[in-house]
Amino acid sequence: MRFRRSAVGLVVATGVVVPLAVAAPATAAPDRAATQAAADAPAYEWSNAAISGGGYVPGIVYNQTEPGLVYARTDIGGAYRLDRTTDEWVPLLDHVGWDDWNRLGVLSLATDPVDTSRVYVATGMYTNEWDPDNGAILRSQDYGATWDASPLPFKVGGNMPGRGIGERLQVDPSDNDVLYYGAESGQGLWRSTDAGVTFSRVDAFPNVGDFVPDAGSGNSYLMQNLGVLWTAFDTTATPAGEPTKTIFTAVADTDDILYRSDDAGATWGPVAGAPKGFLPHHGVIDEAGGFLYLTTSSASGPYDGPDGEVWRYGLDDGSWTNITPAYRPVGVDFGFGGLTVDKSDPDTIMVASQIQWWPDILIFRSTDRGATWSPIWEYAYPPEGGTTFLSRYEQSVDEVPWLTFGKDAAPPVPWSEPSPKLGWMVSALEIDPFDSDELMYGTGATIYRSDDLTAWDQPGGMIHLTPEAFGIEETAIQDLVAPAGDVDLVSAMLDLGGFVHDDLDAVPQSFRAPYFGGGTSVDAAGLVPDVVVRAGTDGGGGRVVAASTESGVSWTTSPPADGATGSGTVTVNADGSGIVWAPDGAAVRHSSDGGVTFTDVAGLAAGARVESDRVDPSRVYAFAGGVFFRSEDAGAQFAAVSSGTLPDEGPVRFGATPGAIGDLWLAGGSDEGGVYGLWHSTDGGSTWTAVEGFDEADAVGFGKAAPGATSPAVYTAASRDGVRGVYRSIDGGASWTRINDDAHEWGWIGADIEGDPDVFGRVYLATNGRGIVVGDDTSAASTDEWSSSAVYDEGDVVSSGGAVWVASWWTQGQRPGAKKNGPWQEIAATPTGVAVWTASRIFDTGDVVSSGGSLWRAKWWSRGDEPGSSKHGPWDRIG
C-alpha cells in the first residue's frame, strides 16, 4: 500500500491537541507502547479519496464583480468554492455535524456583488417527514471559511424535486444588506434587511405557489408545493445604496408564473402577458439590453421535463417574445433548465435542455439575443443519403474515466448514445462574467468546463469540454474495506457502484465487468487480501455478487438473487475459500466456488448482516433483530449464540479484529429507544461487554497498530460522554481520544469507518454526500533508536536492529535482544495484522502468531517457545 501524499486544495489540518491517556492491557507486559505513541496527541489532516464529482450539481454561481470567484452547490454534499490556483473546489460545509446533517443539502447559494467576501446558502435536505428539522440560512463574511446560522421556521428541500430551479436566495445588488428567499411548501417570499441575520415574510407578496410534482402519487416526496422560485433585480432606476425598486419574483404556479414590484417589494402584481402552462426554472436580467430571459419546463425536474419554452421579456415595454430553439433531433420535445447571458457580450445567451435522456442533452447558443440558435450537436442529412453527426464540441474524460459509466468510450454518432455523454439534469449553465471563453455547467454526475467557448461561433469551430469537479466529492458511501498491500481501499456506493483505489490521489475507473449501478457491500479476505467480494445492482437491475482473486482486476459474477429487493451485505472468509451473501428480501446464501454458485444457508433468516472472522476461515458471523449468530463451517449453517444484550432496533455495524480469533466489536442502536452504543466480545459473540463512555456508536473499524502496540487501532464514529466525533483507541479499547474537531464533521458518517492496515493512524470515513473522507495522523512519529545511556520504563518503545521493542520493566544499558528473557519484547506483525512470533515476546492463551509460514494459537502463556519446536509445546498449528 502506497503512502499517501496530501491532496492539494483539499487538506486542512485540525490543529487540535487532545490529551490521550492510555491504559496497559492485561498481559505480562503492560501495553505502554500505546502510551508512548499517544504521548503527543494526534493532529489530523483531512482530505478525500479522489473520485471527483459523483452527484448532481444543481447550481453554479459566479460573483458578478470579483473576477474568478465562483461557487457550486450540491443537493447532498454541501457547497464549494473554486480555488483558482489549483483548479480544485474547496468544501465549505464540512463543519456540519451529526445532528444538523440536513445542512449538507443546499437548495440555493448567493454571493454578494458588493462585499464579495460575503456568501450565503439556504440549507436543509427534505420538506417531508424524512427530515425532522427546519432549514436555515447560513452566512459567511470570509468566502465560506466560517459560518453563522439563521434558523428558518420551516423546512428546506435541498434534495427535493425542483432543486435545480433558482436561485431562490438572492442579494440585492443595489443594497447588499437586503436578501430575498423564495420558500417551498406555501411559506411564501422572505426578506432580510440586515445581511441575512434575520428574515421575515413579505406579507405583501400575493402568491405562495401551488405546483406539486405528483399530487396523486401518495408519495410525500412528490407531494410538496415547490413554492416561490427565484428573484431577479433591475437596478437601472435605483441609486446605489438603496434597495432595488424593480424586482421580479417567479412562482411555481403555471397560471401566474411571474410577479413584479416597482417599489422595492412594498407592492406586487402579476406580470401581464407572461407565458402560461410551464414552470419558470431560471430567469436572468440583461440590464444592458433591457431584457429578462426565462427558461421554462412542464415539470419540476431534475429527472423530468418533457416540454418547455424559452422567453424574452422587455423590461421597458412589457413585450414577451417566444425565442424557444426549434431543433428537436429525435422528434421529442423537452423542457429547458440552464440559462446564462454573457455579461461581456450580452447579445450572447445560452440555454440547456433540462433533460433529453436519449441520445444526449442539447445546449443551444445564440449571439443575437435568441433570434437564432445553434445547437452543440445536430443531425444532418446530406443529399447522397444517410445521417451524419455535426458537432461543435470535443469531450475528454481521461482524468475522470468513470464518467463513461461502465461503457467503453464511444464518440457521438447518429442514432446512438455517446460515451461519455454531455450530461443530464442540466440546471446550472454559466458563462464567466469576466471571460467569454469560460463556460461551466452542472450535470447529474459532475461539472463540465470549456475554456474556449467563443470557438463555437467560428465556422467549423469546436469547443473542448473536460470535467471540472475536482474536489467536489458528492457520493453516498455504503461500505469500505482497506486490504493490506498495494490496494489502498475498495468502496461500495450508491449510483456509481464503487471503486478500487490503488492511489488515493488518482481518480480510478469504477467497477466494471460487472458494472454496478449501486453497490451496498464490500469485503476482503482477512488472510488473503487479494480476494475481494462486492454486492450491488448490475446494469440489468439484478442483485448480484462479484468476486475477485486479484484485487479487482477481474471478477466472477454470481447469478442474480431471485426475489431480492436489495443487494444486502456480503463477506468472504479469512482464507478466501467461502462467500456468504445476505441479499435483502431473499434467503442468505453461501458459495464455496468463488461465487459461481450459491446454496441457501441454514439457521439464518433474510435481512441479516454478515461479517467474517479475520483469522479463522471456519468462522462467519451474522446479526439480525438483536440476535448474534455464528457459523463454525465457513458459513454453510449458523446458530444463535447470544441475544438480549445487543440492540434490537436501529442499524448495527460490526467487525472482527484483524490478527485475533473471535475478537469482535459491534456498534449500533437507536436514539428512539432501547440500547445504543459500542460492545466488545472476545469469545466469538457468545458474550458482550458494553464499552463505557459511549452514549451512541454507529460504525467501528480497525487499522494498523501503533508502534509497539500489541493490538490494532480501533476507530469508531460515535458519541462519547455526549460529544459526537470520530474516536480512536490504540490500546484495545482501554482508552479513547477524539481525532476530528468541530470544523470536520461531514454530517452523517454512520455507514462505515475503516483504518488502514499499512499506515498507522490513517482512517477512512464513509459519508452520505461528502464521499470518502481520509484522515492522516500528522503527529505520528517514528520510533526513537535505543540508547545505552537512556533510562527506560515499563512500556517504552524503541527501535533497535531494524525491529521495534517494548520494555517489560525498568531498564538501562541492556540492549534489546541481548538476553532471551530480558526486559525487551520484540513486537512485529504481518500486513494482515497477525502477530509475528519472536523469541522475546510474551504471548498469552489464545494469541495467534505467524511462524514458519503457518499460523499457530497459544494454549497457554509462553515466551521463547518456538511454534512447532516441541510436540507437546504451548502452540497448536491452525493453518
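Remember, predicted model here, so these are calculated numbers, not experimental data.

Enquirer: Whenever I open this one, the overall build of the protein chain confuses me. Can you help?
Expert: Counting secondary structure elements, the protein chain contains 1 helix and 70 strands. Computed over C-alpha atoms, the radius of gyration of the protein chain comes to 30 Å, within 12% of the 29 Å expected from 2.2 N^0.38 for 879 residues, which places it in the range of a compact globule. Projected onto its principal axes, the C-alpha positions of the protein chain cover 100 × 60 × 50 Å. Within the protein chain, the fraction of its 879 residues that count as buried is 61%. In the protein chain, once contacts between residues fewer than 6 apart in sequence are set aside, the share between residues at least 24 apart is 51%. Taken as a whole, the protein chain presents about 30700 Å² of accessible surface, with 49% of it coming from carbon and sulfur. Of note, the protein chain has its 52 positive side-chain charges centred 5 Å away from the centre of its 118 negative side-chain charges.

Enquirer: Can you walk me through the pairing of strand S24 (residues 349-353) in this structure?
Expert: Side-chain positions along a regular strand alternate between the two faces of the sheet. By the criterion of burial, S24 is predominantly enclosed, with 5 of the 5 residues buried. With 4 bridges connecting them, strand S23 (residues 336-341) and S24 associate as antiparallel partners. Across the sheet, Thr340 pairs through a bridge with Met350, a residue of S24. Alignment of S24 against strand S25 (residues 363-366), held across 4 bridges, turns out to be antiparallel. If you follow Met350 over to S25, its bridge partner there is Arg365.

Enquirer: What is the right way to look at the packing of aromatic side chains in this model?
Expert: What the rule picks out here adds up to 37 aromatic pairs. Each ring, one from Phe336 and one from Phe364, has its centre 6.3 Å from the other, and the planes form 55°; the classification is tilted. You can see Phe336 sitting in strand S23 and its partner Phe364 sitting in strand S25, a full 28 residues away along the chain. Note on accessibility: Phe336 and Phe364 belong to one class, buried. Ring-pair connections join several aromatic residues into one group, and the members of that group are Phe248, Trp311, Tyr313 and Trp320.

Enquirer: I would appreciate a short explanation of the pairing of strand S3 (residues 59-62) in the present structure.
Expert: Burial along S3 is two-sided: the face carrying Gly59 and Val61 and the face carrying Ile60 and Tyr62 are both buried. In this structure, S3 lies alongside strand S4 (residues 70-73), joined through 4 bridges in antiparallel fashion. Counted as the bridge partner of Ile60 is Ala72 from S4.

Enquirer: Quick question: what am I supposed to make of the sheet that holds strand S9 (residues 136-140) here?
Expert: To summarise the sheet geometry, strands pair through backbone hydrogen bonds and adopt either a parallel or an antiparallel arrangement. Taken in spatial order, the 4 strands make up an open sheet running S7-S8-S9-S10, and their pairing is antiparallel. Two strands in the sheet have a free side with no partner beyond their single neighbour: strand S7 (106-111) and strand S10 (148-151). The mean angle between the axes of side-by-side strands here comes to 20°, regardless of whether they run parallel or antiparallel. Across 5 bridges, strand S8 (residues 119-123) lies against S9 in antiparallel orientation. Residue Val121 lies in a different strand from S9, and its bridge partner there is Leu138.

Enquirer: How should the environment of Ile661 be read in this particular structure?
Expert: Locating Ile661 in the fold gives a position in the loop between strand S49 (652-656) and strand S50 (664-669). When the C-alpha positions of Ile661 and Thr682 are compared, they lie 8.1 Å apart, and in sequence the two are 21 residues distant.

Enquirer: What is the right way to look at a negative patch on the surface in this model?
Expert: Taken together, Asp99, Asp133, Asp648, Glu649, Asp671 and Glu672 make up a surface patch of like negative charges. In this structure, Asp133 sits in the loop between S8 and S9. For Asp133, a relative accessible area of 31% corresponds to the partly exposed category.

Enquirer: What's the story with the side chain of Arg73 in this structure? I'm lost.
Expert: Of note, Arg73 is situated in strand S4. On the accessibility criterion, Arg73 (0% relative accessible area) is buried. Here the side chain of Arg73 touches Arg163 through a polar contact of 3.0 Å, landing on its backbone oxygen.

Enquirer: Looking at this structure, I do not really get the nonpolar core. What am I missing?
Expert: Soluble, globular proteins show a tendency: their nonpolar side chains are buried together. Judged by nonpolar contacts, the single largest core of 60 residues is most densely connected at Ile363, Ile376, Trp402 and Tyr441. Per-element accounting of this core gives the leading share, 4 residues, to S24. Excluding anything up to four places from it in sequence, Ile376 contacts Ile363, Leu390, Ser391, Arg392, Tyr393, Leu422, Trp456, Ile463 and Leu465. Counting 21 residues, the second largest nonpolar core, distinct from the first, contains Leu226, Leu292, Trp311 and Tyr313.

Enquirer: Would you mind showing me how to read the pattern of salt bridges here?
Expert: Side chains carrying opposite charge are able to pair once their charged atoms draw close together. According to the stated counting rule, one finds 33 salt bridges in the structure shown. Here Asp94 and Arg770 are joined by a salt bridge, their closest N and O atoms 2.7 Å apart. Taken as a pair, Asp94 in the loop between strand S6 (88-91) and S7 and Arg770 in the loop between strand S58 (763-766) and strand S59 (772-777) lie far apart in primary sequence, 676 residues in all. Residue classification places Asp94 among the buried positions, given a relative accessible area of 11%. A salt bridge links Arg630 to Glu632; its shortest N-O distance comes to 2.7 Å.

Enquirer: Hey, could you run me through a nonpolar patch on the surface in this one?
Expert: Together, Tyr303, Trp357, Trp358, Tyr381 and Trp415 line one region of the surface with nonpolar side chains, adding up to about 610 Å² of accessible area. As for its position among the elements, Trp357 is in the loop between S24 and S25. The exposure class assigned to Trp357 is partly exposed, which follows from its relative accessible area of 40%.

Enquirer: So what exactly am I meant to see when it comes to the sheet that holds strand S35 (residues 489-493) here?
Expert: Reading across from one edge, S34-S35-S36 is the order of the 3 strands in this open sheet, with antiparallel pairing throughout. Each end of this open sheet is capped by a strand with a single partner; those strands are strand S34 (477-481) and strand S36 (500-501). Pairing analysis gives 4 bridges linking S34 to S35, with the strands arranged antiparallel. Bridging across to S35, Val481 finds its partner in Val490.

Enquirer: Whenever I open this one, the confidence of the model for the protein chain confuses me. Can you help?
Expert: Should the pLDDT be low somewhere, the predicted coordinates at that spot are not to be read in detail. With 95% of its residues at a pLDDT of 70 or more, the protein chain has an overall mean of 94. Per-residue pLDDT stays below 50 along residues 1-39; that stretch engages in 111 contacts with residues further than four places along the chain or on separate chains.

Enquirer: I keep staring at the environment of Ala706 and nothing clicks. Help me out?
Expert: With respect to the secondary-structure elements, Ala706 resides in the loop between strand S53 (694-703) and strand S54 (713-720). Judged by relative accessible area, Ala706 falls into the buried class, the value being 3%.

Enquirer: Looking at this structure, I do not really get unusual backbone geometry. What am I missing?
Expert: With the exception of glycine, the majority of residues adopt a negative phi angle, and the majority of peptide bonds are in the trans configuration. Following Gly166, the chain continues to Glu167 via a peptide bond in cis, the omega torsion being 15°. Considering the arrangement of structural elements, one finds Glu167 in the loop between S10 and strand S11 (169-171). With a phi close to 55°, Ser185 is a non-glycine residue in the positive phi region. Tracing the backbone shows Ser185 in the loop between strand S12 (179-182) and strand S13 (189-192). One non-glycine residue, Ala264, lies in positive phi territory at about 60°. When you line up the elements, Ala264 lands in the loop between strand S17 (258-261) and strand S18 (269-270).

Enquirer: Mind showing me how you'd approach the environment of Ala636 here?
Expert: Positionally, Ala636 belongs in the loop between strand S47 (627-631) and strand S48 (639-643). On the basis of relative accessible area, Ala636 is assigned to the partly exposed category, the value being 32%. For the pair Ala636 and Gly603, spaced 33 residues apart in sequence, the C-alpha to C-alpha distance is 9.1 Å. Not counting the four nearest positions on each side in its chain, Ala636 is found in contact with His590, Val601, Ala602 and Ser631.

Enquirer: What should I look at first to understand the side chain of Asp172 in this one?
Expert: Position of Asp172 relative to the elements: it lies in the loop between S11 and S12. Nearest to the buried, unbridged Asp172 among oppositely charged side chains is Arg191, at 8.4 Å. If near-sequence neighbours (up to four positions away) are discounted, Asp172 is found in contact with Val178, Phe233, Pro243 and Thr244.

The rules behind each value
Residues numbered from 1 in each chain as written. Predicted model: local features only at pLDDT ≥ 70, side-chain atom pairs only at ≥ 80, totals over all residues. Heavy atoms only, no water. Helix = DSSP H or I, 4+ residues; strand = E, 2+ residues; numbered from the N terminus. Rg over C-alpha atoms; globule rule 2.2 N^0.38 Å. Buried < 20%, exposed > 50% of the residue type's maximum accessible area, 1.4 Å probe, protein only. Contact = heavy atoms within 4.5 Å. Areas by Shrake-Rupley, 256 points an atom, 1.4 Å probe, with all protein chains shown as cover. Lys, Arg positive; Asp, Glu negative; His and termini not counted. Charge placed at Lys NZ, Arg CZ, Asp CG, Glu CD. Pairing = 2+ DSSP bridges. Phe/Tyr/Trp six-rings, centres within 6.5 Å; stacked < 30°, edge-to-face > 60°. Axes fitted to C-alpha atoms, helices over the stretch in contact; angles between N-to-C directions. Patch = residues over 30% accessible without salt bridge, like charges linked within 9 Å, V, L, I, M, F, W, Y side chains within 5 Å. Salt bridge = Lys/Arg side-chain N within 4 Å of Asp/Glu carboxyl O. Polar contact = N/O pair within 3.5 Å; in protein donor to acceptor, adjacent residues only side chain to side chain. Core = buried A, V, L, I, M, F, W, Y, C linked by side-chain atoms within 4.5 Å. pLDDT = per-residue confidence, 0-100.

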